[in-house]
Amino acid sequence: MTQDELKALVGQAALAYVVPGSIVGVGTGSTVNHFIDALATVRDTIRGAVSSSVKSTERLLALGIPVLQAEEVDSLPVYIDGADEIDARGCMIKGGGAALTREKIVADLAERFICIADESKLVPVLGRFPLPVEVIPMAATQIARRFAKAYGAQAVLRAGVVTDNGNHILDVSGLSITDPLAMEAETSGWPGVVTVGIFARHRASVCLLGTADGVRTIAY
Ligand SMILES: O=C(CO)[C@H](O)[C@H](O)COP(=O)(O)O
């Protein structure tokens, strides 16, 4: 099976976690695009979606799924999203699609984070995938220096990318994230950091991994 077929498999499997009559939290990315397509087939059974990006909103609306604003809902039963890396405890690196800030906001509304990914995303330790960090533009250089000093890591500005929030993305390589909760807490507090792409406080409750043998479900 191709990687895209594995993504389609888990996008479809995630439908089992959609609560009838509810509003669904929807992430961003190529795997989530498959989920949105699957969600459209049951759109009459849900009240709508809260989306984590302009791209996902456009796809949801094009498929006839109503989109609500985050401020219109108190809580969501599930948030369904992809990841760039997932460790053995369900902590993740996210933000490859530059949507990490809104993803964390919508995930924070949800009771459960259902992560959908192909099995190549499962790693022993987070950090091989460069960590995306959304930053206020004027602070980018200062924050890059701080990653070098604190962790010996190299932060590179993602060229030509402006987030849905008008900010920039640093991609930080050379990290070995053995304590995701601690690193998320520490770096999230640096001035100028909007959102760090470590999802430890908002880690996955369930991970659906696409494998050649079918969907592997990991509950944390
Ligand atoms: O965090 C994300 C976007 O900001 C995505 O969930 C992550 O990049 C995975 O994307 P894909 O499903 O395309 O592999």
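Sequence order as written defines residue numbering, which begins from 1 separately in each chain. Only residues with pLDDT of at least 70 get local features here, since the model is predicted, and only at 80 or more are side-chain atom pairs given and counted; chain-wide, interface and lining totals rely on the full set of residues.

## Quick notes on the UniProt feature "active site" (unreviewed entry) in the protein
Heads up, the rule is: UniProt positions are given in the numbering used here, feature names are shortened, and annotations may be inferred rather than shown by experiment. A run of H or I in DSSP counts as a helix once it spans at least four residues, and a run of E counts as a strand once it spans at least two, with each numbered from the N terminus. Contact between residues is assigned whenever the C-beta positions, reconstructed from backbone atoms, fall within 7 Å.
Mapped onto this numbering, the UniProt entry gives "active site" (unreviewed entry) at Glu-103. Secondary-structure assignment places Glu-103 in helix H4 (residues 100-109). When residues no more than four places from it in sequence are discounted, the contact partners of Glu-103 are Gly-27, Thr-28, Ser-52, Asp-81 and Lys-94.

## Some details on the site of the ligand
The following threshold applies: The criterion for a residue being near a molecule or strand is a backbone-placed C-beta atom within 6 Å of that molecule or strand. Each residue gets one of three labels, nonpolar for Ala, Val, Leu, Ile, Met, Phe, Trp, Tyr, Cys and Pro, charged for Asp, Glu, Lys and Arg, and polar for the others, Gly among them.
Near the ligand, the surroundings consist of 17 residues, among which Gly-29, Thr-31, Gly-82, Gly-96 and Gly-97 are the closest. Where the shell around the ligand is concerned, the elements lending two or more residues are helix H2 (30-40) and H4. Residue composition of the shell around the ligand, grouped by class: four nonpolar, nine polar and four charged.

## Things to note about the pairing of strand S1 (residues 23-26)
Here is the rule: Between the buried cut of 20 or more and the exposed cut of 12 or fewer other C-beta atoms within 10 Å of a residue's own C-beta lies the partly exposed class, and all C-beta atoms are placed from the backbone. Strand pairing requires that DSSP identify at least two bridges connecting the strands. Whether a crossover is right-handed depends on one test, that the path from the first strand over the helix to the second runs clockwise when the strands point away from the viewer.
Residues Ile-23 and Gly-25 line one face of S1 and the alternating positions Val-24 and Val-26 line the opposite face, and both faces are buried. Where S1 meets strand S2 (residues 48-51), four bridges bridge the pair, whose relative direction is parallel. Its bridge partner lying in S2, Ile-23 is registered against Gly-48. Regarding the hand of the β-α-β motif, the stretch spanning S1, H2 and S2 is right-handed. In this sheet, strand S4 (residues 76-81) lies alongside S1 in parallel orientation, the contact comprising two bridges. Residue pairing in the sheet places Gly-25 in a bridge with Tyr-79 of S4.

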